[in-house]
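Now for the letters of each chain:
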Amino acid sequence: MGERIMNNEKRVSNIIEALAKHEDNTAVEVLEELGTNSSIDEVRRLTAKALIKRNTPDSLAVVISRAGKGINDLSTNVAMSTINELLALKDKSQAMEVLDRVDEADWDENVKETARSVKALMAFS
Amino acid sequence: MEVKSISQKIFKSPLKNQEDSCNHTNPFGVNFKGNIISADVFETANESKLSFKGAKLVAKATEKGRLVKSTIVGSLGDVSAAISKRLDSVGKTINEFGTRMRDQITSSTVYRKVAGAWDYLNTTNAKAVFSLSKKLEAMEVPQLRIELERGLEAWGNG
């Protein structure tokens, strides 16, 4: 039973990864709808990681500019994990652009504040 | 015209004006260049006339003076302290993460785990997981969506 659960979690992880790699951009919508809205912390963490690995403006916008998702997740573990994934990106240019846009535009003040903090960290990483 | 009235006009006495205009609208008895300043001058700034975003803040500050100004400065200080605290906690967490990663990499237990993983890869279960990945990579998004829904349901019920 334990093994089955582990396999199912692994399967979900693989599906999320397959969506993140898919050339069809509607995959981002699926990940946002099912992954980032999940009540399971680990699912949200895996989804945020996958969206960052995809590294497109759309996928990064989900984890950077949405209240309660990605770097703004209500779970500190998920938020910190997302920030770490962003800092680990080899090509940070897209992420920096999205962070700049959040800073300039009329977003929720908490979202802007978190984006500024992450932007500062990325500048030093 | 009487001389008296002319002299009164020429030599305006502030005191005389003050006596004449003594009223409740000038409680502080303030005068400017001999003219009594009415209470209208002490009226607070009309917020609607101020067009920039900080209008309310400015109106409140000018209205209530130093006490409010110091409160505003204090709260700005709180905001910057809150940001610094968050940055510090983020930095601390990242530092802890980095330290943990470094310790894990340099410890011998990591190599044992890696060796164990290779053993796992040779088992039937591991093969099933990897072949599933290849199938998944060949699927279209709508199909993957269905698979994800099923997987999440099983995870949630597990």
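What comes next concerns the included structure. (Residues numbered from 1 in each chain as written. Chains lettered and ligands numbered in written order. Predicted model: local features only at pLDDT ≥ 70, side-chain atom pairs only at ≥ 80, totals over all residues. Heavy atoms only, no water.)

Regarding empty space enclosed by the protein
Residue and element names in this part refer to chain A. To be explicit about the condition: Both cavities and pockets are sets of points on a 1 Å grid over the protein atoms alone; in a cavity a 1.4 Å probe fits but cannot get out, in a pocket the set is open with protein on both sides within 12 Å along at least five of seven lines, and lining residues sit with an atom within 4 Å of a point. Grid points are joined across faces, edges and corners, and a volume is the space filled by probe spheres set on the points. Three residue categories are used. Nonpolar comprises Ala, Val, Leu, Ile, Met, Phe, Trp, Tyr, Cys and Pro, charged comprises Asp, Glu, Lys and Arg, and polar comprises the others, including Gly.
Applying the stated rule across the entire model yields 1 cavity of 30 Å³ or more. In this model, the largest cavity occupies a volume close to 30 Å³. Lining the largest cavity we find Thr 36, Arg 44, Ala 48, Val 63, Lys 69, Gly 70 and Asp 73. Counted by class, the lining of the largest cavity contains 2 nonpolar, 2 polar and 3 charged residues.

Notes on the interface of chain A and chain B
Using the following cut-off: Contacts are assigned to residue pairs that have any heavy atoms within 4.5 Å of one another. Joining two parts hides part of their accessible area as seen by a 1.4 Å probe, and the buried area is that hidden amount summed over both. What makes a salt bridge here is a side-chain nitrogen of Lys or Arg within 4 Å of a carboxyl oxygen of Asp or Glu, nothing more. Under this definition, polar contacts are N or O atom pairs within 3.5 Å; protein pairs additionally need one hydrogen-donor-capable and one acceptor-capable atom, and for neighbouring residues in sequence, both atoms have to be side-chain atoms.
Between chain A and chain B, the contact holds 34 residues from the first and 28 residues from the second. Summing both partners gives a buried area of about 2,900 Å² for chain A against chain B, and 71% of it is carried by carbon and sulfur. When the buried area of chain A at its contact with chain B is split by residue, Arg 11, Ile 15 and Leu 34 of chain A rank highest and sum to 18% of it. Taken together, chain A and chain B are joined by 3 salt bridges. The shortest N-O distance in the salt bridge between Arg 11 of chain A and Glu 147 of chain B comes to 2.2 Å. Viewed at the interface, chain B and chain A are joined by 4 residue pairs in polar contact (both at pLDDT 80 or more).

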